[in-house]
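Single-letter residue listing:
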Amino acid sequence: MHWLADASLWSVKEGAIFNGINIPVAAIATFLFGFKFLDAIGLILLLEATGLMLAGGAMEMGAAASTKRLASIFEGKRMEWSRKEYNDAQRRGAVFTITGVLLLAESLLMAVLV
């Protein structure tokens, strides 16, 4: 299986876990703070999507050649860059980014339907 298909499958599983956690949190927010349930879950999804996409992008960018070069200039020591390390970081970051996109799409769908 291609690595992107693997990342997508893991992202769907991760999104299901996030939704399983979000529902009780939104219910608690509804009872404690008087929010509407769908508003609370939509906001939670939007915040999680933002964090996941930023984390995925940072994972990929942290292993990029330009970032490694910039870090070596600031730290004063030579940092080696390898294509394998970059590809591994890209694969790890893709899971977070795809999950963020799925949660964002779910949040937008809820906003349209409500």
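Below: a short report on this structure.

Reading guide: rules and limits
- Residues numbered from 1 in each chain as written.
- Predicted model: local features only at pLDDT ≥ 70, side-chain atom pairs only at ≥ 80, totals over all residues.
- Heavy atoms only, no water.
- Helix = DSSP H or I, 4+ residues; strand = E, 2+ residues; numbered from the N terminus.
- Rg over C-alpha atoms; globule rule 2.2 N^0.38 Å.
- Buried < 20%, exposed > 50% of the residue type's maximum accessible area, 1.4 Å probe, protein only.
- Contact = heavy atoms within 4.5 Å.
- Areas by Shrake-Rupley, 256 points an atom, 1.4 Å probe, with all protein chains shown as cover.
- Lys, Arg positive; Asp, Glu negative; His and termini not counted.
- Charge placed at Lys NZ, Arg CZ, Asp CG, Glu CD.
- Patch = residues over 30% accessible without salt bridge, like charges linked within 9 Å, V, L, I, M, F, W, Y side chains within 5 Å.
- Salt bridge = Lys/Arg side-chain N within 4 Å of Asp/Glu carboxyl O.
- Expected span 1.5 Å × (residues − 1).

Another aspect to go through is the overall build of the chain. Summing up its helical and strand segments, the chain has 4 helices and 0 strands in all. Reading the chain from its N terminus to its C terminus gives the helix and strand order α-α-α-α. Relative to the globule expectation of 13 Å for 114 residues, the C-alpha radius of gyration of the chain, 18 Å, shows a markedly less compact shape. Seen along its three principal axes, the alpha-carbon backbone of the chain occupies a region of about 55 × 35 × 20 Å. Expressed as a percentage of its 114 residues, the buried residues of the chain come to 27%. A separation of at least 24 residues holds for 68% of the contacts in the chain among residues at least 6 apart in sequence. For the chain, the computed accessible surface area is about 7600 Å², with 72% contributed by carbon and sulfur atoms. Computing the positive centroid from 10 side-chain charges and the negative centroid from 10, the chain places the two 8 Å apart.

There is a patch of nonpolar side chains on the surface, built from Ile 23, Phe 37, Leu 38, Leu 109, Val 112, Leu 113 and Val 114 and spanning about 710 Å² of accessible area. At the level of secondary structure, the elements contributing two or more residues to the nonpolar patch comprise helix H2 (37-62) and helix H4 (83-113). Tallying contributions element by element places H4 first for the nonpolar patch, with 3 residues. In this fold, Val 112 is placed in helix H4. Accessibility expressed as a relative area gives 67% for Val 112, which makes it exposed.

Summarising the element assignment, Asn 19 is placed in helix H1 (residues 3-33). Classification of Asn 19 as buried rests on a relative accessible area of 18%. Excluding residues within four positions of it along the chain, Asn 19 makes contact with Leu 45, Leu 103 and Glu 106.

The terminal C-alpha atoms of H1, which comprises 31 residues, lie 43 Å apart, in line with the 45 Å expected from a rise of 1.5 Å per residue. Listing the buried residues of H1 in full gives Ala 7, Ser 11, Glu 14, Gly 15, Asn 19, Asn 22, Ala 26 and Ala 29. Each element contacted by the buried residues of H1 is listed here: H2 and H4. The positive-phi residue at the C-terminal boundary of H1 is Gly 34, with phi of around 80°.

The next subject is the environment of Leu 4. Here Leu 4 is to be found in helix H1. Here Leu 4 falls in the partly exposed class, since its relative accessible area comes to 37%. C-alpha of Leu 4 to C-alpha of Ala 94: the two residues are 90 residues apart in sequence and 7.6 Å apart in space.

Turning next to the pattern of salt bridges. Two side chains of opposite charge can pair, provided their charged atoms sit close to one another. Within the structure shown, the criterion is met by 2 salt bridges. Note that Arg 91 and Asp 88 form a salt bridge whose closest N and O atoms lie 3.9 Å from each other. With Arg 91 and Asp 88 both in helix H4, this residue pair falls 3 residues apart, about one helical turn. Relative accessible area serves as the criterion here: at 35%, Arg 91 is assigned to the partly exposed category. Look at Asp 88 and you get partly exposed, because its relative accessible area is 28%.

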